[in-house]
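Architecture and fold: a report
If you want the building blocks of each chain, they are given just below.
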Amino acid sequence: MSALQPARGTRDLIGEEARRHFHVIETARRIAAVWGFDEWSTPVFEDTRVFARGLGDTSDVVMKEMYTFADRGGDSITLRPEATAGICRALVSNGLTQTLPQKVFYTGPMFRYERPQKGRYRQFHQIDVEVLGSAEPLADAEVIACGWTILQALGVAREVTLELNTLGDKASRDAYRAALVEYFGAHRASLSDDSLARLERNPLRILDSKDEGDRRVVADAPVIDPYLTPEARRFYDGVRRHLGHFGVPFIENRRIVRGLDYYSHTAFEFVTASLGAQGTVMGGGRYDGLVEEMGGPHTPCIGWAAGIERLAMLLANPPAPPAPVAVIPVGEAQEAAAIGLLQALREAGIRAEAEYRGNLKRRMERANRAGARAAVILGEAEVARGAAQLKDLTTGSQSEVKLAELVARLA
Ligand code: ATP
Ligand code: MG
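Report on the accompanying structure. For every chain, the first residue of its written sequence is number 1, and the numbers climb from 1 along that sequence. Each chain gets a letter, beginning with A, and each ligand a number, beginning with 1, in the order they are written. Per-residue local features are limited, in this predicted model, to residues with pLDDT of at least 70; the limit for side-chain atom pairs, both in listing and counting, is 80 or more; totals at the level of whole chains, interfaces and linings are taken over all residues. Calculation of side-chain values draws on the structure's entire complement of heavy atoms; hydrogens and water are dropped beforehand.

With respect to the overall build of the protein chain
Helix and strand assignments follow DSSP, with helices taken as H or I runs no shorter than four residues and strands as E runs no shorter than two, numbered in order from the N terminus. Within the protein chain, the regular secondary structure consists of 14 helices and 16 strands. Seen through its principal axes, the protein chain has C-alpha atoms that stretch 90 × 55 × 45 Å. Counting across all 411 residues of the protein chain, residues that qualify as buried make up 50%. Working rule for contacts: check all heavy atoms of both residues, and any pair within 4.5 Å makes them a contact. For the protein chain, long-range pairs separated by at least 24 residues make up 69% of all intrachain contacts whose partners lie at least 6 apart in sequence. Accessible areas in this description were obtained via Shrake-Rupley with a 1.4 Å probe; residue shielding takes into account the shown protein chains only. Only carbon and sulfur atoms are counted for the fraction: they give 51% of the accessible area of the protein chain, which is about 20000 Å². Across the protein chain, the mean location of the 51 positive side-chain charges is 4 Å away from that of the 54 negative side-chain charges. Per-residue accessibility, obtained with a 1.4 Å probe over protein chains only, is compared with the maximum for each type, and a residue is labelled buried under 20%, exposed over 50%, and partly exposed between these values. By the counting rule applied here, Lys and Arg register as positive and Asp and Glu as negative, while His and the ends of each chain are not counted. A charge is said to be at NZ when it belongs to Lys, at CZ for Arg, at CG for Asp and at CD for Glu.

Description of the site of ligand 1
Arg112, Glu114, Arg120, Lys210 and Arg258 are the nearest of the 15 residues found near ligand 1. Pairs of N or O atoms are called polar contacts if they sit within 3.5 Å, as long as, within protein, a hydrogen donor faces a hydrogen acceptor (for residues adjacent in sequence, only side-chain-to-side-chain pairs). Within the side chain of Glu114, an N or O atom sits 2.6 Å from a nitrogen atom of ligand 1. Taken by itself ligand 1 offers 580 Å² of open surface, and the protein chains cover 93% of this. No other element matches the 3 residues that strand β10 (residues 280-287) contributes to the shell around ligand 1. Its residues assigned to classes, the shell around ligand 1 comprises 5 nonpolar, 4 polar and 6 charged. Near, as used in this document, describes a residue that has one of its heavy atoms within 4 Å of the molecule or strand being considered. Three residue categories are used. Nonpolar comprises Ala, Val, Leu, Ile, Met, Phe, Trp, Tyr, Cys and Pro, charged comprises Asp, Glu, Lys and Arg, and polar comprises the others, including Gly.

Some thoughts on the sheet that holds strand β12 (residues 325-329)
For two strands to be treated as a pair, DSSP must find at least two bridges joining them. Strands sit in the order β13-β12-β14-β15-β16 across an open sheet of 5 strands; the sheet is mixed. Each edge of the open sheet carries a strand with a single partner, namely β13 (352-353) and β16 (398-402). Bridging between β12 and strand β14 (residues 374-378) involves 5 bridges; their strand directions are parallel. If you follow Ala326 over to β14, its bridge partner there is Ala375. Every axis in this analysis is a line fitted to C-alpha atoms, fitted for helices over the stretch in contact. Angles between the N-to-C directions lie between 0 and 180 degrees. Running at roughly 175° to β12, helix α12 (residues 360-369) makes contact with β12, β14 and β15 (387-392) of the sheet. Helix α14 (residues 403-410) contacts β12, β14, β15 and β16 of the sheet and is inclined by roughly 115° relative to β16.

Here it is, written out as structure tokens:
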């Protein structure tokens, strides 16, 4: 049999790629915790209805990209394409709609049947931050500011720009939608087939089109500003004011509508010019109707998701490979001493390793190849007097050190 390959659009994470990936997750997890978010985990697959909620959903994700199949019992199952719907389902399933707000941090794999390319995969991973159950613009600003802080901690903030928009409340959006239908209706001939379908079902979607022809038409489309109700304008002003208080820089972009259908008021993206066509690293917005669609009470929410692969690619200083301490027994008789030392070093939180076999020369070669920072050589004579040779592998200097002092020396 020829060697098997990973399924199209999926990747293995090994070595530096794994270190980049987990550095993004650990950084986000640490900052989200400080900002008051609790981590949740929900199933990777859900009842398809969690994601496809009736005929209202016109997004590409739901219409074209979902991994949906009947399981052996005949139930329609979908591998989650995003985290938010599952989180809202969990809020309702666990009876948490009476204890709001809930501030949720999330990370895990997502699945979309897309054309794989750089920064776009069929299994990809997200970090995700949501505030469930707050209608205040302060929540929007805090969620965005938390994302900005994570981008800063990752060292990628200089490469990204926050683009902010408002989609208004329902009254604003209804009026705006009518204006868009009129405008795009007059330009039918220039629109892609996809956008002609969007014109019928959700004309705001056209603003988000990646088709070149559509984009030329979109360039002159009306903006929402004249259609915003006083309440919607006040809300948007509040978000902008609080972003200022948090010290988050942004520009405004009236073309941001986001990839899923359930947004209102705030919509935003952190974009970069450094990743070609896959330039959105983090995106989100306010969604006030989703929990209701899961069978819960009206619950206003705000959140974002960021692609870990895209953030990992942007990292300027990927974490260095770990530099262990190599413990080297000279001869089988010193193995007990070696294991004792390994135990003491590891207990102190020091990464320490011993080869399973080999003579002194082989073990030293392996230690150098593994990037060890130091080697502790346990020779018969040294061990007999409660000591070992400590070799610093970066400087090459070597000296005898008491076993009892080794941990402190290597800490
Ligand atoms: P795009 O416009 O790039 O298709 P999207 O609007 O579909 O993105 P969201 O559903 O908002 O993306 O997901 C949030 C983030 O998840 C994106 O900004 C991106 O960083 C990441 N992402 C989305 N789809 C993929 C994918 N197929 N592969 C890798 N990362 C992805
Ligand atoms: Mg997409």
